[in-house]
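# What the coordinates show
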Amino acid sequence: MQGKRIEEHFIDVEPYYRVQGQELTIALAAHQHTIPLLLKGPTGSGKSRFMQYLAWKLRRPLITVSCHDDLSTSDLVGRYLIRGGETVWLDGPLTLAVRHGGICYLDEIVEARKDTTVVIHPLADDRRELPIEKKGEILSAPPEFMLALSYNPGYQSVVKDLKPSTRQRFIALELTYPSPDIEAEIVQHEAGVSRQEADKLVRLAEMTRCLEDAGLQEGASTRLLIHAGTLIKSGIPPRQACKVTISEPLSDDHELVAAIDEMISSLY
Amino acid sequence: MPSSAEQTILARVTAIIPESELNSWEQEELVECLAPLSGHQQELILHQIAVIWPVSHSLCLAFLEAAEPALACLDPEQFAAWVRAILHCYEAQGLQEARRFMADLESHFICTLKGQSGLLLSTIKKRLDLYLRGVAGRPFVLAEATLPGTDTATIFLPRNCTFFDEDDANFLVYKLIASLQWAFVRVNLYCQEVPNEQELFRKMTQPGSGPKDEAVFLNRFFKLFARPDRAMAIYHFLQTFSALCFLQKKLPGLMADSTVYFQSVAAEGAATMEPQSLLAGEYGFLLEQLSHNRPLELPPGPWRRLCHPASWDDSGQILLDTARIYALWEEKPDQEVASPPWFQGTLQVEAAHARRLARRQEVEQQFIEALAIRILPALARKKEAALAPGATPADTPQQADSAADLSLRLPTPQNEPEETGPDHNQVVRHIRLDDEKIGLDSKLQELGREIMDDLGHLPQLYLDSAEKMAAGRSYAPHIQTAGPEGEPLLGTSLYDEWDFRRQGFRHNWCRLLEKEIQPCGGTFIATALKEQRGVIKQLKRQFEQMRSHHRFVGRQRDGDDIDLDALTEAVADQRAGLPPSERLFVRQLRDQRDIAALFLVDISSSTEGWVGKAIKEALLVMAEAMESLGDRYAIYGFSGMRRTRSEVFRVKEMDEPYTETVQGRIAALSPKEYTRMGPPIRHFSKMLATVEARVRLLIILTDGKPEDYDDYKGEYAIEDTRHALVETKNSGIHPFCITLDTKAPEYISHLFGAANYLVIDDVKKLPRRLPDMYRLLTS
């Protein structure tokens with residue numbers, strides 16, 4: 001992230017994104033009115049792809065930060081580095097986005113520690129400013145700047161919840177798995193398989209999603225279906241392709257994997 | 001006068017079974033059975049008597065009769081396994097089944113030993129259940145029966161499958177018949193209700209009308225015909241065809257895999273079916289297509305001419321087609337109907353009807369209850385408004401009356417101009433309470449939908465019942481079902497129990513009820529907090545120091561701040577002409593306490609006195625201290641009586657905030673019944689296993705040995721508890737025990753392991769020792 005110039009964050013080619021409902025209109029309106037955006041949804045449902053598409057549509061650079069336990073405030077804001085006996089200030093991704101009016105997308109925000117997330121508070125309300133403590137500087141965000149967060153409400157534990165004070169600054173969009181028709185269309189496009197093949201994969205995904213009450217943490221995501229489709233397209237037998245892309249990644253529980261394998265062999 | 005050999009046997013028997021439990025008649029019978037056996041055989045049987053006798057006396061006597069022939073063909077190890085199997089059978093299905101099990105040693109036990117029992121349903125049940133849940137999108141209950149079938153909620157499958165030699169192939173058979181039963185449900189096998197029955201029956205070529213007294217529609221239909229069995233066979237054939245077509249479309253892989261199976265069924269059918277019998281050719285035709293995985297078609301000739309599978313979605317059509325084929329068969333009055341292939345299963349018309357009625361009742365109940373809760377606030381508001389002090393005295397009675405007469409109505413075209421009345425396919429989104437529109441949530445909408453699908457309309461009666469229920473409750477806000485002691489019931493679960501004598505589990509042996517304690521007021525909390533003020537203050541300080549702390553590590557390549565020492569060195573190195581280090585940063589690390597603890601408190605009657613005060617104080621002090629520590633914790637009490645009523649009482653859930661309600665529940669803890677430790681330990685191990693934490697602790701506070709009213713005492717109770725604790729440890733949870741039983745050292749390390757317990761000799765020390773122990777345990 002650091003060291004990359006802001007120009008490199010522009011997205012030049014239109015990413016594939018199949019609009020499902022009002023999400024794009026709402027996100028564009030949010031940008032226009034400088035309100036930050038919160039994307040909720042299960043894994044692999046297209047949150048990151050949606051952000052890429054939005055950035056392309058808005059012609060703004062997209063700076064993505066994948067959040068994790070050890071992400072510190074300086075990882076976001078920036079830090080002094082020592083080069084050749086001198087200290088050099090280096091902007092963090094958040095500062096970079098604010099300076100250039102880009103879109104800063106904090107992926108899986110709940111993974112970050114709560115004290116880290118607090119740094120975005122002044123940016124996320126009507127102040128729209130980023131204090132850089134170490135430099136004694138306060139950056140004001142230009143109107144083009146947009147802050148977006150994503151998280152997966154499905155598997156967050158109680159420890160990993162968003163604070164209400166954070167939540168209540170955002171417009172929230174829920175991106176769930178698309179309807180079967182749209183999902184098949186996406187798989188068909190992304191994996192390059194026939195519509196019939198895509199329909200079958202979507203049916204399999206629906207079957208696995210029914211197991212969510214029975215011990216499976218999450219059903220197969222659209223992303224997994226695309227992987228499966230891609231392998232099938234490249235000539236790997238469908239049963240094997242689905243096994244390695246769907247049943248095995250979904251669970252380590254022997255019975256669950258076996259049950260999903262049985263579904264695969266019933267379909268193919 | 002018994003012989004001396006008999007005397008010896010009698011002595012051995014009475015050593016195992018207390019004489020008080022054995023009448024002379026039983027004594028004689030035991031001795032009689034044992035006497036003719038060799039010494040070695042007697043030894044083996046006596047050993048098992050010790051296992052079976054405590055479970056059931058009648059079973060033990062029945063066992064004695066069956067034991068000798070069994071010993072002839074089983075070695076000692078197999079004999080013990082056989083006894084375990086008998087006990088499972090007895091505990092699951094009762095004495096009759098156990099007798100049958102013992103009588104047929106060959107088919108029930110020996111073939112399993114030899115691996116000839118094929119694939120047992122019990123071995124693959126879980127996998128099949130998950131598979132079916134995914135495929136069907138809803139859970140089905142899987143149950144054993146001789147023939148496959150379904151009542152739309154349960155799918156019946158045979159106990160074992162011996163069709164092939166390999167397990168995989170047999171599993172495929174299970175998968176196929178289970179999928180087929182699901183397909184039957186999907187193609188509406190039981191033809192639940194035909195909208196216009198009269199008209200349909202009129203359209204039939206057969207004159208006359210069905211018997212009026214027949215409650216189930218399909219039976220009414222079959223009885224229209226002179227030979228109902230024929231109509232039923234035709235109908236089932238058509239439905240099987242329909243279900244198989246459905247499977248071919250939905251699960252092509254399954255049908256492709258099953259060709260081998262269909263080939264053998266076809267071959268078998270060709271060998272056994274009377275070729276002249278009705279339907280024999282038709283089934284043959286069907287199997288032929290299935291064996292080659294060709295798209296299914298109806299048999300050529302009249303079937304294709306007379307039946308219209310394309311319009312079977314309308315269930316009337318398949319009935320009309322059945323009638324047409326039946327008419328065709330009138331020319332062949334003497335021919336028998338062939339018995340259908342086994343995989344088709346049976347039609348369970350009555351069971352499906354009963355299931356439907358049960359479901360209707362369930363939905364009705366759920367709908368009424370959910371609706372009652374939904375309208376409760378509105379109703380209360382109206383009543384309050386009617387009784388408001390502002391109302392003039394003259395108005396009040398009238399208004400109160402009208403409040404009682406409030407009526408709950410469905411939206412109709414009259415009172416809802418923008419909407420048409422709810423027709424067959426429409427969801428009821430809101431209802432009207434007098435003039436107020438009340439929206440229904442998704443659950444209610446879903447239930448409403450199901451009712452409309454079933455009955456065609458939403459009966460006003462349901463609304464009236466809901467209103468009545470709400471009116472009755474508006475002043476009693478606790479809506480949960482009360483348990484036998486008045487505590488609201490939160491859930492029940494079943495647990496196995498370890499029987500050390502047989503070295504095996506008694507499956508689903510104990511029923512555990514989870515209940516909520518009603519918090520009580522009073523002065524206890526305030527007094528205790530005041531008395532323990534000093535301890536609490538001190539503990540809080542200690543515990544605060546244990547909180548997660550930050551730590552700086554220097555000389556990192558990258559970090560939050562510059563490490564001045566390292567920087568100075570680097571500059572010096574550079575001046576000296578040495579290559580300076582690049583590790584010039586400090587980074588803040590944080591050690592997090594990621595601990596979840598569950599305090600399980602024995603509130604059996606023997607704790608009277610100490611539960612009374614010390615334990616409650618200890619819990620209170622502990623909770624206060626825990627709040628400053630920030631670890632996640634839960635508090636539960638346990639007690640119970642007999643295996644069917646092991647109870648746990650919720651004081652504080654894992655992530656429930658520590659509030660006055662929780663304090664109130666601590667104060668409300670009171671001595672209950674006995675100490676059956678196994679079920680609560682298993683219950684909370686299961687619960688803790690789902691909690692995400694680095695360290696998970698199960699802290700048990702007790703005053704003595706595990707003991708229950710029934711035979712859960714002594715070695716049995718200790719061994720079960722020990723086994724439950726071993727299970728707990730295996731699932732990555734640390735159990736720890738605090739006991740007030742000064743005799744505990746005799747057995748407690750056997751239970752918990754050497755360093756995992758603490759004996760407190762004075763109750764009064766508990767409030768102080770409990771947090772201390774926790775601190776040591778977690779730091």
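Structure: see above.
Once that is clear, we can look at the overall build of chain B. Counting secondary structure elements, chain B contains 30 helices and 19 strands. Counting over 779 residues, chain B shows a buried share of 49%. Within chain B, contacts between residues separated by at least 24 positions form 69% of all contacts whose residues are at least 6 apart in sequence. Accessible area of chain B: about 37,100 Å², with a carbon and sulfur share of 51%.

Here the focus is the pairing of strand β4 (residues 154-157) of chain B. Residues and elements named next belong to chain B. In β4, alternate side chains face the same way, and those of Thr154 and Phe156 on one face and Ile155 and Leu157 on the other are all buried. Pairing between strand β2 (residues 141-144) and β4: 4 bridges, direction parallel. The partner of alanine 143 across the bridge, within β4, is phenylalanine 156. With 2 bridges joining them, strand β3 (residues 149-150) and β4 adopt antiparallel strand pairing. Each residue of the ladder has a partner; that of glycine 149, found in β4, is phenylalanine 156. As consecutive antiparallel partners, β3 and β4 are separated by 3 residues, and within that stretch threonine 152 has a phi angle of approximately 80°, a positive value.

What follows covers the sheet that holds strand β9 (residues 489-499) of chain B. All names here are of chain B. Pairing is mixed across the open sheet formed by 8 strands, whose spatial order is β9-β10-β16-β15-β14-β17-β18-β19. Two strands lie at the open edges of the sheet, namely β9 and β19 (757-759), each paired on one side alone. For this sheet, the mean inter-axis angle between neighbouring strands, taken without regard to orientation, is 25°. Across the sheet, helix α28 (residues 714-730) lies against β9, β10 (504-516), β17 (695-702) and β18 (734-739), angled at about 110° from β9, the strand it touches most.

This part is about the packing of helix α4 (residues 57-73) of chain B against helix α5 (residues 76-93) of chain B. Residues and elements named next belong to chain B. Contact geometry for α4 and α5: axes closest at 11 Å, N-to-C directions at 145°. For the pair α4 and α5, the crossing hand works out as right-handed. Packed against α4, whose contacting residues are Leu59, Phe63, Ala66, Ala67, Ala70, Leu71 and Cys73, the element α5 presents Gln78, Phe79, Trp82, Val83, Ile86, Leu87 and Tyr90 at the interface. For the contact of α4 with α5, the class distribution of residues is 13 nonpolar, 1 polar and no charged.

Let's shift gears to helix α9 (residues 167-186) of chain B. Taking 1.5 Å per residue, 20 residues should reach 28 Å; α9(B) reaches 28 Å between its end C-alpha atoms and fits that length. By the criterion of burial, α9(B) is predominantly enclosed, with 16 of the 20 residues buried.

The subject of this paragraph is the environment of Ile234(B). Residues and elements named next belong to chain B. Inspection of the secondary structure puts isoleucine 234 in helix α12 (residues 228-250). The class of isoleucine 234 is buried, set by a relative accessible area of 0%. Residues isoleucine 234 and alanine 323, spaced 89 residues apart in sequence, show a C-alpha to C-alpha distance of 8.7 Å. In this structure isoleucine 234 touches Trp303, Thr322, Ile325, Tyr326 and Trp329, once residues within four positions along its chain are discounted.

Moving on, we get to a positive patch on the surface. All names here are of chain B. Side chains of Lys530, Arg533, Lys537 and Arg541 sit close together on the surface and give a patch of like positive charge. When residues of the positive patch are assigned to their parent elements, the largest contribution, 3 residues, is made by helix α23 (residues 533-546). Mapped onto the fold, lysine 530 is located in helix α22 (residues 524-531).

Here we come to a negative patch on the surface. On the surface, a cluster of negative charge is contributed by Asp165(B), Glu166(B), Asp167(B) and Asp168(B). Inspection of the secondary structure puts Asp167(B) in helix α9.

As a further point, take the pattern of salt bridges. All names here are of chain A. Applying the stated criterion to the full structure yields 35 salt bridges over all chains. With a closest N to O distance of 2.9 Å, arginine 49 and glutamate 190 form a salt bridge. Taken together, the residues span a long stretch of sequence, with arginine 49 in helix α2 (residues 47-58) and glutamate 190 in helix α8 (residues 180-191) at a distance of 141 residues. Accessibility expressed as a relative area gives 30% for arginine 49, which makes it partly exposed. Judged by its relative accessible area of 28%, glutamate 190 is partly exposed. Aspartate 199 is the partner of arginine 195 in a salt bridge, and the nearest nitrogen-oxygen pair spans 3.4 Å. Taken together, the residues arginine 195 and aspartate 199, both in helix α9 (residues 195-209) and 4 residues apart, mark about one turn of the helix. Among the residues examined, arginine 195 registers a relative accessible area of 29% and is labelled partly exposed. When salt bridges that share partners are traced, they join Asp91, Arg99, Lys135 and Glu137 into one network.

Turning next to helix α26 (residues 660-668) of chain B. The element α26(B) is extensively covered by neighbouring structure, given that 7 of its 9 residues are classed as buried. Looking only at α26(B), the buried set comprises Val662(B), Gln663(B), Gly664(B), Arg665(B), Ile666(B), Ala667(B) and Ala668(B).

Turning next to the packing of aromatic side chains. Residue and element names in this part refer to chain B. Following the criterion strictly, the structure yields 24 aromatic pairs over all chains and no others. Look at tryptophan 182 and phenylalanine 246: their rings are 5.3 Å apart centre to centre, the planes differ by 65°, and that puts the pair in the edge-to-face class. Of this pair, tryptophan 182 sits in helix α9 while phenylalanine 246 sits in helix α12; the two residues are 64 residues apart in sequence, bridging distant segments of the chain. Grouping residues by exposure puts tryptophan 182 and phenylalanine 246 together as buried.

The rules behind each value
- Residues numbered from 1 in each chain as written.
- Chains lettered and ligands numbered in written order.
- Predicted model: local features only at pLDDT ≥ 70, side-chain atom pairs only at ≥ 80, totals over all residues.
- Heavy atoms only, no water.
- Helix = DSSP H or I, 4+ residues; strand = E, 2+ residues; numbered from the N terminus.
- Buried < 20%, exposed > 50% of the residue type's maximum accessible area, 1.4 Å probe, protein only.
- Contact = heavy atoms within 4.5 Å.
- Areas by Shrake-Rupley, 256 points an atom, 1.4 Å probe, with all protein chains shown as cover.
- Pairing = 2+ DSSP bridges.
- Axes fitted to C-alpha atoms, helices over the stretch in contact; angles between N-to-C directions.
- Left-handed = near helix turned anticlockwise from the far one by under 90°.
- Nonpolar A, V, L, I, M, F, W, Y, C, P; charged D, E, K, R; others polar.
- Expected span 1.5 Å × (residues − 1).
- Patch = residues over 30% accessible without salt bridge, like charges linked within 9 Å, V, L, I, M, F, W, Y side chains within 5 Å.
- Salt bridge = Lys/Arg side-chain N within 4 Å of Asp/Glu carboxyl O.
- Lys, Arg positive; Asp, Glu negative; His and termini not counted.
- Charge placed at Lys NZ, Arg CZ, Asp CG, Glu CD.
- Phe/Tyr/Trp six-rings, centres within 6.5 Å; stacked < 30°, edge-to-face > 60°.

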